Amino acid sequence: MQKKYVPLLLFFAALLVFAAHIGTRFVLSEPAFSLACAEEKRVYLTFDDGPSTIVTNRILDILQKEKIRATFFIVSDRVNGREETLNRIAAEGHTLGVHSATHNYREIYASDEALLADAEACAAVIRNVTGVMPRVYRFPGGGGKDAARQTALLQENGYRVVRWNAVCGDAEIAGATADVLFDTSVQTSRGKQPVILLLHDSATHLATAEALPRIIGYFRGQGYAFCAY
Ligand SMILES: [Zn+2]
């Protein structure tokens, strides 16, 4: 080989290495199934009040099997001893959001400062445990009379506030069975675009995990893309 081609060869070799690197990063950070989230018909499965040991992991098993991403709004006082579960949520490509440090309405809604301090305390735990900087927020209990002003405040502090427009009923209907949770998900999501479905993964919500495969099956059958924030 002539000597003058050596730099050219090196250049193409470097280009190949670079392309392979970009390719790997693209695959890791942008799972193929999220591309459908540019479409109109999409559903956001959002889980509040975790992590819990059994229910959260059961839900993660189902999401992993179904290759679906979801959003988990965390109560950081429940993280202690469940760091592994919190890390699993992040490692499997789901979004970690801020819900609250304490979930104590009286404390959280005492003032704007208290609300913000509660959000920041929760965000700090998520950041310290997982290294993820959470950027989405959900009001505990859906927010009070000052929700509009407090939404603006949270936005100023870098959070996107995510509400919901459909429920599975696991917080609204006492003792709801998996059948009831499935029916409620179907009924309340009708006509919503996109569907933002509220579910819970705290320790008492085994029925939610039980209903989840059917809920997923329903939205999949209706042609929805499953998306996370
Ligand atoms: Zn909650």
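Residues numbered from 1 in each chain as written. Predicted model: local features only at pLDDT ≥ 70, side-chain atom pairs only at ≥ 80, totals over all residues.

(A) Representation of the overall build of the chain within the structure. Helix and strand counts for the chain come out as 8 helices and 8 strands. Counting over 229 residues, the chain shows a buried share of 38%. In the chain, 77% of the contacts between residues at least 6 apart in sequence involve partners at least 24 apart. (Helix = DSSP H or I, 4+ residues; strand = E, 2+ residues; numbered from the N terminus. Buried ≥ 20, exposed ≤ 12 C-beta atoms within 10 Å, placed from the backbone. Contact = placed C-beta atoms within 7 Å.)

(B) Looking closely at the packing of helix 7 (residues 178-189) against helix 8 (residues 206-221). One way to put it is that helix 7 packs onto helix 8 with a least axis distance of 8 Å and a crossing angle of 40°. When the axis of helix 7 is compared with that of helix 8, the two are oblique. Both helix 7 and helix 8 take part in a crossing whose hand is right-handed. In this structure, helix 7 uses A178, L181, F182, S185 and V186 to contact helix 8, whose residues at the interface are A207, T208, E210, A211, R214, I215 and Y218. The residue inventory of the contact of helix 7 with helix 8, partitioned by class, reads 8 nonpolar, 2 polar and 2 charged. (Axes fitted to C-alpha atoms, helices over the stretch in contact; angles between N-to-C directions. Parallel < 35°, antiparallel > 145°, perpendicular 65-115°, else oblique. Left-handed = near helix turned anticlockwise from the far one by under 90°. Nonpolar A, V, L, I, M, F, W, Y, C, P; charged D, E, K, R; others polar.)

(C) A look at the pairing of strand 1 (residues 42-50). Of all 9 residues in strand 1, 8 are buried, a share of seventy percent or more. As judged from the 6 bridges shared by strand 1 and strand 7 (residues 195-200), these two strands associate in the parallel manner. Across the sheet, residue V43 finds its bridge partner in strand 7, namely V195. Pairing of strand 1 with strand 2 (residues 71-75) involves 4 bridges; the strand directions are parallel. (Pairing = 2+ DSSP bridges.)

(D) Spatial organisation of helix 8. With 16 residues, helix 8 extends 24 Å from end C-alpha to end C-alpha; this agrees with the ideal 22 Å at 1.5 Å per step. Roughly 40° is the biggest bend found in helix 8, and it falls at L212, with proline P213 one to four residues downstream. At its buried positions, helix 8 is contacted by strand 1, helix 2 (54-66), helix 7 and strand 7. The positive-phi residue at the C-terminal boundary of helix 8 is G223, with phi of around 85°. (Expected span 1.5 Å × (residues − 1). Bend = angle between axes of the 7 residues up to and from the residue.)

(E) Spotlight on the environment of G141. Take G141: it is sitting in the loop between strand 4 (136-137) and helix 6 (147-156). Between the alpha carbons of G141 and H99 there is a distance of 9.6 Å; along the sequence they are 42 residues apart.

(F) Just the pairing of strand 7, in detail. Most of strand 7 is tucked away, with 6 of its 6 residues classed as buried. Alternating positions in strand 7 separate into two faces, V195, L197 and L199 on one and I196, L198 and H200 on the other, with burial throughout. As paired strands, strand 6 (residues 166-167) and strand 7 are joined by 2 bridges and run parallel to one another. Looking at strand 7, one finds that A166 is bridged to L197. Crossover strand 6 to strand 7 through helix 7 is right-handed. (Right-handed = clockwise from strand over helix to strand, strands pointing away.)

(G) Focus on helix 7. Counted at 1.5 Å a residue, the expected span for helix 7 with its 12 residues is 16 Å, and the 17 Å between its end C-alpha atoms agrees. Structurally, helix 7 contributes buried residues whose contacts are with strand 6, strand 7 and helix 8. After helix 7 finishes, the residue G191 shows a positive phi value of roughly 80°.

(H) The nonpolar core, seen in detail. I74 and L197 are the most contacted members of the largest nonpolar core, which totals 56 residues. The residues touching I74, leaving out its near neighbours within four places in the chain, are G50, P51, V79, L96, G97, V98, H99, C122 and I126. (Core = buried A, V, L, I, M, F, W, Y, C linked by C-beta atoms within 7 Å.)

(I) Up close: the packing of helix 5 (residues 112-130) against helix 6. Direction vectors running N to C along helix 5 and helix 6 enclose 45°, while the axes themselves pass 11 Å from each other. Considering the angle they form, helix 5 stands oblique to helix 6. Here helix 5 runs over helix 6; the crossing is right-handed. Packed against helix 5, whose contacting residues are D112, L115, L116 and A119, the element helix 6 presents Q150, L153 and L154 at the interface.

(J) Representation of unusual backbone geometry within the structure. Along the chain, G50 connects to P51 via a cis peptide bond; the corresponding omega equals 5°. Checked against the element boundaries, P51 lands in the loop between strand 1 and helix 2. Here Q193 and P194 are connected by a cis peptide whose omega angle stands at 0°. Mapped onto the secondary structure, P194 falls in the loop between helix 7 and strand 7.

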